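Working through the structure, step by step
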Amino acid sequence: MNRLRALARRLRNIWSRHGWRMFGPLVLHNVQYYTRHWLRHGSLATPRSSVDRIPGVETQRAVYLSELGFSGDVGDSAEPYMPIDEAQFRWVMEALPIRLADYAFVDLGSGKGRALLLAAQMGFKTIIGVEFSQELHLAATKNVSAALGKWPNAERIKLVCGDAAQFSPPPLPVVCYLYNPFGASIMREVIDAWTHAMSAHSLDVWIVYSNPTQLELFKSELSFEHVFTKKGSAVFRRADLGVSR
Ligand SMILES: C[S@@+](CC[C@H](N)C(=O)[O-])C[C@H]1O[C@@H](n2cnc3c(N)ncnc32)[C@H](O)[C@@H]1O
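So, a few notes on the structure that sits alongside this text. (Residues numbered from 1 in each chain as written. Predicted model: local features only at pLDDT ≥ 70, side-chain atom pairs only at ≥ 80, totals over all residues. Heavy atoms only, no water.)

**Concerning the site of the ligand**
- Near the ligand, the surroundings consist of 26 residues, among which Asp107, Gly109, Glu131, Asp163 and Ala164 are the closest.
- Residue Ile84 places a main-chain N or O atom 3.2 Å away from an oxygen atom belonging to the ligand.
- Here an oxygen atom of the ligand and a side-chain polar atom of Glu131 are 2.7 Å apart.
- In isolation the ligand has 610 Å² of accessible area, and contact with the protein removes 99% of it.
- At the level of secondary structure, the elements contributing two or more residues to the shell around the ligand comprise helix 4 (114–121), strand 2 (126–131) and strand 4 (174–179).
- Looking at the shell around the ligand, its residues break down into 16 nonpolar, five polar and five charged. (Near = heavy atom within 4 Å. Polar contact = N/O pair within 3.5 Å; in protein donor to acceptor, adjacent residues only side chain to side chain. Areas by Shrake-Rupley, 256 points an atom, 1.4 Å probe, with all protein chains shown as cover. Helix = DSSP H or I, 4+ residues; strand = E, 2+ residues; numbered from the N terminus. Nonpolar A, V, L, I, M, F, W, Y, C, P; charged D, E, K, R; others polar.)

Structural data, given as structure tokens:
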């Protein structure tokens, strides 16, 4: 019953934020995504993650923006907090043909920090989370503090409370992670900010986009090359490095 209520809320959310034009395609996308999820896990709930076994860490419970006091205008583009499925995250990071230890990891819309803790354990050089909700930022701060000394490389995690569209990527080889954090308008601003930042250096940039509702925005973007889409995640790489793949 709770699941049905959550589904009804999600559909209402899609309708009010995206209107009738996008309702059909987004519902179809969600049906495909959750069917794959159901087939893989036998349930619609995200499986618990190993990070939630660290004493004092909680990343499991979904949080709707209305619970955080955000009104419709912010909700126009922001997605609620849902933690990424650990297996899906590990699979796609391990599929990248790079040495993770040479790269920074940036999670735009980092929520309670599940992906950040997993990225730390996987050995990224530095890990940055950007989250615009103060409550979720605070939850991530508590989680990372609880993980210090108990979880590999937790001390490498930096947390920023702010809008992903205003965040300037670090001048480092970087993997940018997006787990369906926002809609088209913010995503457009994020793509422009990253493209602008990339014009100042020739460092490698990867975009890993899970549950990619705005896939077409990236696919039509000349500064990124689509590498693959598999198991619910799309992977793009900076296009102008002349690297043969
Ligand atoms: C689906 S959750 C992803 C959680 C996390 N990345 C993970 O994998 O566990 C999306 C998150 O994006 C955040 N978000 C939405 N719009 C944002 C924005 N403009 N800037 C920063 N964070 C945003 C939401 O508050 C939410 O926590």
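**Notes on helix 5 (residues 134–147)**
- Given a rise of 1.5 Å per residue, 14 residues ought to cover 20 Å, and the 20 Å separating the end C-alpha atoms of helix 5 matches this to within 8%.
- When helix 5 is considered as a whole, its buried residues turn out to be Leu136, His137, Ala140, Asn143, Val144, Ala146 and Ala147.
- Contacts from the buried residues of helix 5 go to helix 4, strand 2 and strand 3 (157–161).
- The backbone nitrogen of Glu135 has a side-chain oxygen 3.3 Å away, supplied by the residue at the start of helix 5, namely Ser133.
- Positive backbone phi, approximately 80 degrees, marks Gly149, located one or two places after helix 5. (Expected span 1.5 Å × (residues − 1). Buried < 20%, exposed > 50% of the residue type's maximum accessible area, 1.4 Å probe, protein only. Contact = heavy atoms within 4.5 Å.)

**Notes on the pattern of salt bridges**
- In this structure the tally under the stated criterion is eight salt bridges.
- Linking Arg114 and Asp52 is a salt bridge whose minimum nitrogen-to-oxygen distance equals 3.4 Å. Of this pair, Arg114 sits in helix 4 while Asp52 is found in the loop between helix 1 (2–41) and helix 2 (72–75), placing the two residues 62 residues apart along the sequence. Each member of the pair, Arg114 as well as Asp52, is classed as buried.
- A salt bridge links Glu221 to Arg188, with the shortest nitrogen-to-oxygen separation between them at 2.9 Å. With Glu221 in the loop between helix 7 (215–219) and strand 6 (224–230) and Arg188 in helix 6 (residues 184–198), this residue pair connects regions lying 33 residues apart in the sequence.
- For Arg188, a relative accessible area of 28% corresponds to the partly exposed category.
- If you follow the salt bridges from partner to partner, you end up with Arg188, Asp192 and Glu221 in one network. (Salt bridge = Lys/Arg side-chain N within 4 Å of Asp/Glu carboxyl O.)

**Focus: the packing of aromatic side chains**
- A complete count under the given rule lists eight aromatic pairs for this structure.
- With centroids separated by 6.1 Å and ring planes inclined at 80 degrees, the aromatic side chains of Trp91 and Phe228 adopt a geometry described as edge-to-face. Here Phe228 lies in strand 6 and Trp91 lies in helix 3 (residues 86–95), a separation of 137 residues in the sequence.
- Take Trp91: its relative accessible area is 25%, and that puts it in the partly exposed class. (Phe/Tyr/Trp six-rings, centres within 6.5 Å; stacked < 30°, edge-to-face > 60°.)

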